[in-house]
Amino acid sequence: MVTLQQTIDQWIKTVPNHNPELATQLRSGISDVNATIVLLQQQLTWEREQRQRAESEVRFLERTTPAIDQPTILEYQRTEAALAKREELLRTVVTNPPTILYALDRDGIFILSEGKGLEAMNLKSGEVVGRSIFDLYKDHPDMLQAAHQVLNGAERELILNLNGITIADYLSIVLQETQAQQERQRAEERLRLFESVVVNGRDSVIITTGDPENPQITYVNAAFIASTGYAPEEVIGKTPRLLQGPKSDRAQLNKVRQALLDQKSIQIELVNYRKNGSEFWVDLNLVPILDDHGALTHYVALQRDITDRKWAEKALIATQARLKYLLSSNPSVIYTCHPNRNRSCTFVSENITQQLGYEVWQYLKESRFWLDRIHPDDLSRVLEHVSQLFEIGQLTCEYRFLHKDGSYRWLRDGMKLLRDQGQPVEIIGSVVDITDRKRAENQIRASLEEKEVLLKEIHHRVKNNLQVISSLLKLQAGYIKDDRILEVFKESQNRVRAMALIHEKLYQSEDLAKSNFAEYIHSLATDLFRSYSVHSRMVKLNLNVKDVRLIIDTAIPCGLIINELISNSLKYAFSAGQTGEINIHFFSETEDCYTLIVQDNGSGFPIDLDFRNTKSLGLQLVCSLTKQLHGTIDLERDRGVAFKITFAEQKQKG
């Protein structure tokens, strides 16, 4: 093979008017190229063998190694970048001399064209890439013949003078061998990366011999040692059966054995045992490895510890079973639905069939299944509640729903809106059949209405009877000439009228249990003023009564007390023609504790008279009725007379 130096010398001799400076540059620049060529040719045979070995190992690891993680990929990319940098350096060395360097593929297509000599041919670097050498040199038969020989594997050198430029075709062989070296280096780098994954990966790796009947372990990685507790020397040469134990699933193991015999891959989950006897679950992937001739050489097993996942699955199954039982036995139907107007269901508990007769799939299949079966009179109210749900987040509504048997059932629906980062994602709710409760409520309401009518009638009749008694007393008084006896009849008549007034107010009230006592006091005082013929301009009545409501058992004795105290003030506090005031205060100090004050600014109460021990029937009634109310009574003599009575409301009897 002719060297580049000989080529340059021949060019100098054959070109009469050559450029001496160009010849010097060629001799200076070619020395590094010659050194590179010699080194590469010396290593060519060794590189080919190493590349074949690397490619074989890469194929082996690619079939058995899990996906490379991100850091490994980055390391691989950095290696690629370093190789590219080295290639660029080599390119700089071989392309600086003023000649044309090129490389061809097996079809004679340019895959590389570099060198300053391209400038003399009015070409740029890489411009002929993709063109055929037979097209470019079609007018030079010697060059075409040399190209045929090079493409057939021969090493051939041809000196061609083309417009003063020397073409050296044997450099294409060198560039192809350089590319082969780069590919070998990349293969070796990938091999190192895959080895790192196998050795340092989190999953256990076990490599065995290819004997399906008695595979023997030849390699285990660090993850296997950490997960099982075995040292490498304790398992190398042993069969993987040492990992089996009492709870190992024989059916699964038979599947593994059959896969070994069939030389097929298999993935199963089974129980293995550590060196200390403790059990752990693994996800096992078993892969047969074949050589280039299809012969079985090894088995590679990748196993991942899934014990935590298995325990979590068991806990989840138990939780689901408990939840299913609670949902099915609960009288409430649990559901979830989309937060839209149709309320299309995404989940319904199975007890919906027992409650309303429909199957679960019917709710999930039809988006408007629920709304279409709400009673038409209740639908607008339900939709209004759903729209309010987006504002308040949680509410309850009651409506009628069509049962599968054609009847309507009352449901109580409690809804709650679930949000994710402020956005509505789902409505969760519980539905309870309250038909029986509604029926009972209607029965109670009807019964209560009947009793209210009856009670009103009773109050009305009692009031009428008391008015009859009052009228009889008045008629009888017309025949009495004795003023003292006439006064007694008059007082009795006022007392009967005070009791009748209570029944009249209850009859007129919407609340039959309690009467409006403020209205009662005003009416009672007005009647007494009229009875004693007292002009309102002479004696003024001042009422300070809060909105107090009393049950009848408290109202009647309290009304009689007020009747007696006002009557006493009208009879004894003011002389004929004297002006004055009667003040009545009635208020609640606590929830069930009341205070009544009847005050006048008249002549006052005799100092030597004890109101608790008097022959006056009126004061005796006041003290007796106060005692009946379990209250207290006090007398104040400043600026007239003031009786203060404090009592608690009596509990409703029955």
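This structure is a prediction, so every number in the text was calculated from the model and none was measured.

A. Representation of the pattern of salt bridges. In the structure shown here, the tally under the stated rule is 19 salt bridges. Across the salt bridge formed by Arg304 and Asp203, the nearest N and O atoms sit 2.7 Å from each other. One end of the pair, Arg304, is in strand E9 (residues 296-305); the other, Asp203, is in the loop between helix H6 (171-200) and strand E5 (204-209), and 101 residues separate them in sequence. On the basis of relative accessible area, Arg304 is assigned to the partly exposed category, the value being 47%. The salt bridge partner of Lys247 is Glu279, with a shortest N-O separation of 3.6 Å.

B. Broad picture of the packing of helix H17 (residues 552-573) against helix H18 (residues 617-628). One can describe the packing of H17 onto H18 by two numbers: an axis separation of 9 Å at closest approach and a directional angle of 150°. By the angle between their directions, the pair H17 and H18 is classed as roughly antiparallel. The crossing of H17 and H18 is left-handed. Together, Pro557, Leu560, Ile561, Glu564, Leu565 and Asn568 of H17 and Gly618, Leu619, Leu621, Val622, Leu625, Thr626 and Gln628 of H18 make up the contact between the two elements. By residue class, the composition of the contact of H17 with H18 is 8 nonpolar, 4 polar and 1 charged.

C. Local environment of the nonpolar core. Grouped together as the largest cluster of nonpolar side chains are 42 residues, with contacts concentrated most on Phe517, Phe586 and Phe643. The leading source of residues in this core is H17, at 9 residues. Ranked by size, the runner-up nonpolar core spans 26 residues in total, among them Val348, Leu356, Val382 and Met415.

Calculation criteria
Residues numbered from 1 in each chain as written. Predicted model: local features only at pLDDT ≥ 70, side-chain atom pairs only at ≥ 80, totals over all residues. Heavy atoms only, no water. Salt bridge = Lys/Arg side-chain N within 4 Å of Asp/Glu carboxyl O. Helix = DSSP H or I, 4+ residues; strand = E, 2+ residues; numbered from the N terminus. Buried < 20%, exposed > 50% of the residue type's maximum accessible area, 1.4 Å probe, protein only. Axes fitted to C-alpha atoms, helices over the stretch in contact; angles between N-to-C directions. Parallel < 35°, antiparallel > 145°, perpendicular 65-115°, else oblique. Left-handed = near helix turned anticlockwise from the far one by under 90°. Contact = heavy atoms within 4.5 Å. Nonpolar A, V, L, I, M, F, W, Y, C, P; charged D, E, K, R; others polar. Core = buried A, V, L, I, M, F, W, Y, C linked by side-chain atoms within 4.5 Å.

It is worth stressing that arrangement in space is one thing and function is another; only the former is reported here.
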